[in-house]
Amino acid sequence: MTGATSGRRGVRLAAVVAASCVLGLLPGSGSAARDQREARLTATYDCALPSGARQVEVAFDAMFPARGAVGKPIRPASVSVRVSLPRQDVTDLLPEGTASVAGTAALTTAVAQGRNRARAEWADLASAEVELPARGAVEIGFSGGVPYVTVGSEGDVTFRVGQLGLALAAAPASASGGPGVTIDPGVTGAEGAKPAPARLACAPARGADTLLATVPVVAADSGTTSAPPDDPSGPDSKTPDSDTPDGASPGIHAGPRPRAALDQCPAEPPQGKLDPKRLPPVPPGGAAEELEATSMCAVPVGFATLRKLKSSALVNDPRGHRVGLMRLAMRMREVRAPGYVEYDHLGIMQLPDTEGTFLTFGFQPTTAKVRFEPEPATIVNIIRPGKPPVTKVGYRQYLRLYDVRINGVPLDVGPRCRTSRPVETQLTGSYPVSEGGLLQGELDIPPLEGCGANGEDLDPLLSGAVSGPGNPLKFRQGRVCGAGSTCGIPELPGL
């Protein structure tokens, strides 16, 4: 009888570990996007440029829910604003010798439903560094998280673009980090100077089409929502929304800006060495140079799927006490060859312990905590003219399990329950590291060992339920942020 009970407990624990181990393999946050539709708009704007009032083209791109629900957050995602400015005007705005430009954008969006009106401020949209072309227009793209909107009644909700403010900062040729390196506006310049960014005010031209998206809203009990009902970042229907902008109607509420990672990016870059086994060979005619790394950070978000359980889990949930960062020693090494540029970075995951709650066998509530013991990650970013950039992230880490409870009853797995060897992780994407993007790969989970207490060996059961190849991992790395600043949390990728 005791053996049967132990076996059943082991099977339940195996299912818990299977779900818990995928939590925290990489940091992440957010809620899954469901039934999203892309909204695109190109509008003509009047901008006050050094050469006088000029009309420029501004392109908007975002994802909106196909439908919303009364009282539930409507969350625009993957928001980007791309502005095309005459090169001469950009040159006139910035100091002599400017080689590249970066900055931020703030867009006022008008939200309407029937007679109700509100303003949603899409602020702190940021750009990566853009090299100034020899001739032609300067294309600058801005992106970032924006506030949710809720409405109190059924009917179509429209989103129209409005006033657009730009803040542009220069990076002189001597200070430019090269392609794919974000320059924090106001912190670069000759000999460390901090010039104030140049500011531009733009407004939609008379007669310009400003309608970006229309979202139909239905009753909340229809089963359609744009966010999980337990999302604490959503509004509380029992309390007024203190973040509603001035001029908002009672029927529409614009929520606060998306929360940034809680920890500031440290001033000093992380210590460690690049793994030579993960570095590609230097191309013929090329040369590698060791550089002094810069401290930067990013927040990756994503899902991990355990093949044996046919289930996926969100990692590094921002609804917890803190959000994990990936600390970066940016540009430790650079390789240049004809038609080839490679930037090599070191990354260290700073993850809080994660607690997961799952229903094993479809009904048994089980919780467990996972501690992450990562080794430094080697990040390789390859750029070739005329080809998409390639990003590869490789690292190893142990997963340690503790504080397991089944239906609230503790189950002692001992202090040494972890994978028998590090979990090898290799992820690949197509984006510049500074801008962030989508990474995908598969995990081979090794057997677990040291699990059990009081003479109970749970290793075979855990390994049988958890270990094995082909466990998909998919996450989005956010835009990097500089030392002393807080990183934004990107949208979660779709499963």
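Counting from 1, residues in each chain are numbered in the order their sequence is written. Reporting of local features is limited, given that this is a predicted model, to residues whose pLDDT is at least 70; pairs of side-chain atoms are given and counted only at 80 or more, and all residues count toward the totals for whole chains, interfaces and linings. Values reported for side chains reflect all heavy atoms of the structure, with hydrogen atoms and water molecules removed beforehand.

A.B. asks: What should I look at first to understand the overall build of the protein chain in this one?
C.D. replies: Secondary structure is summarised from DSSP: a helix means a run of H or I of at least four residues, a strand means a run of E of at least two, and numbering begins at the N terminus for each. On a plain count of helices and strands, the protein chain comes out with three helices and 30 strands. Counting the 495 residues in the protein chain, one finds 50% classified as buried. Two residues qualify as a contact provided that any one of their heavy atoms is within 4.5 Å of a heavy atom in the partner residue. Look at the contacts in the protein chain between residues 6 or more apart in sequence, and 76% of them connect residues 24 or more apart. All accessible areas in this document rest on Shrake-Rupley with a 1.4 Å probe, and a residue is counted as covered only by the protein chains that are shown. When the accessible surface of the protein chain is split by element, carbon and sulfur atoms take 51% of a total near 22500 Å². When accessible area is computed with a 1.4 Å probe and restricted to protein chains, residues below 20% of their type maximum are described as buried, those above 50% as exposed, and intermediate ones as partly exposed.

A.B. asks: Hey, could you run me through the nonpolar core in this one?
C.D. replies: Proteins that are soluble and globular tend to have nonpolar side chains buried together. In this structure, Tyr-45, Phe-60, Leu-85 and Leu-164 are the most contacted members of the largest nonpolar core, which totals 50 residues. Among the elements that line this core, the one with the most residues is strand 10 (residues 155-172), at seven residues. Listed in part, the 34 residues of the second largest apolar core include Leu-328, Val-413, Val-423 and Leu-448. In these notes, a set of buried Ala, Val, Leu, Ile, Met, Phe, Trp, Tyr and Cys residues joined through side-chain atoms within 4.5 Å is what counts as a nonpolar core.

A.B. asks: Where do I start with the pattern of salt bridges in this structure?
C.D. replies: Think of it this way: side chains of opposite charge can pair up when their charged atoms draw near. Any carboxyl oxygen of Asp or Glu within 4 Å of a side-chain nitrogen of Lys or Arg constitutes a salt bridge here. Enumeration according to the criterion identifies 13 salt bridges in this entry. Across the pair Glu-38 and Arg-40 runs a salt bridge, and its minimum N-O distance is 2.9 Å. A salt bridge links Glu-373 to Arg-418; the shortest N-O distance between them is 3.0 Å. Of this pair, Glu-373 sits in strand 21 (residues 364-374) while Arg-418 sits in strand 25 (residues 418-419), and the two are 45 residues apart along the sequence. Residue classification places Glu-373 among the partly exposed residues on the basis of a relative accessible area of 24%.

A.B. asks: Where do I start with the pairing of strand 2 (residues 52-65) in this structure?
C.D. replies: Note on strand geometry: in a regular strand, side chains alternate between the two faces of the sheet. Two strands are counted as paired when DSSP detects at least two bridges linking them. As defined by bridge partners, strand 1 (residues 36-49) adjoins strand 2 across 14 bridges and the pair is classed as antiparallel. Opposite Arg-37, over in strand 2, you have Phe-64 as the bridge partner. In textbook terms, the turn of a hairpin is the stretch between consecutive antiparallel strands, and for strand 1 and strand 2 this stretch comprises two residues. Two elements, strand 2 and strand 4 (residues 77-86), share five bridges in a ladder whose sense is antiparallel. Bridged to Met-63 within strand 4 is Ala-77.

No statement about biological role is implied by the geometric values presented.
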